[in-house]
Amino acid sequence: MALYLKEAFDAPAWPATQWSARLDPQKLVPLLERMGDNPGFRFVTPRLARSVKDLRNWTGALANAKAIEAADSDDGRIEEIRVRIASK
């Protein structure tokens, strides 16, 4: 937790009413690769495991990104999900 608190982030790019996330690709990509190889993960959540495995097509490009941001907003009529991948 102390390491997380030391990290500084820019303000979120978009307002969100449901959720928002800012991900560090250098930490996320190795985690996704390990998750796809985990047999317990494949057994417990097969759909999610397949999705993670499909992400391997993107992990090379994601590893070179500076930041990944996502935001979900819902105003009762429409739901909007935005994803931004910033390059170095």
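Caption draft 1: Looking closely at the overall build of the protein. What the protein contains, in helices and strands, is 5 helices and 3 strands. Start at the N end of the protein and walk to the C end: the helices and strands fall as α-β-α-α-α-α-β-β. Counting across all 88 residues of the protein, residues that qualify as buried make up 20%. Long-range contacts, defined as pairs at least 24 residues apart, comprise 52% of the intrachain contacts of the protein with a sequence gap of at least 6. A total of about 6,900 Å² of accessible surface is found on the protein, and carbon and sulfur atoms cover 57% of it.

Caption draft 2: Structural view of a nonpolar patch on the surface. Side chains of Trp19, Ile81, Val83 and Ile85 sit close together on the surface and give an oily, nonpolar patch of about 410 Å² of accessible area. With 3 residues, strand β3 (residues 79–87) is the largest single contributor of residues to the nonpolar patch. For Val83, a relative accessible area of 55% puts it in the exposed group.

Caption draft 3: Local environment of the nonpolar core. Core analysis: the largest hydrophobic core is formed by 8 residues, namely Leu28, Val29, Leu32, Phe41, Ala49, Val52, Leu62 and Ile68. Breaking this core down by element, the ones donating at least two residues are α2 (25–37) and α4 (46–54). In terms of residues, this core owes the most to one element, α2, which gives 3 residues.

Caption draft 4: Structural detail: the pattern of salt bridges. Taken as a whole and judged by the stated rule, the model has 4 salt bridges. A salt bridge links Arg82 to Glu80, with the nearest nitrogen and oxygen atoms 3.2 Å apart. Several salt bridges converge on common partners, so that one network encompasses Arg22, Glu69 and Arg84.

What counts and what doesn't
Residues numbered from 1 in each chain as written. Predicted model: local features only at pLDDT ≥ 70, side-chain atom pairs only at ≥ 80, totals over all residues. Heavy atoms only, no water. Helix = DSSP H or I, 4+ residues; strand = E, 2+ residues; numbered from the N terminus. Buried < 20%, exposed > 50% of the residue type's maximum accessible area, 1.4 Å probe, protein only. Contact = heavy atoms within 4.5 Å. Areas by Shrake-Rupley, 256 points an atom, 1.4 Å probe, with all protein chains shown as cover. Patch = residues over 30% accessible without salt bridge, like charges linked within 9 Å, V, L, I, M, F, W, Y side chains within 5 Å. Salt bridge = Lys/Arg side-chain N within 4 Å of Asp/Glu carboxyl O. Core = buried A, V, L, I, M, F, W, Y, C linked by side-chain atoms within 4.5 Å.

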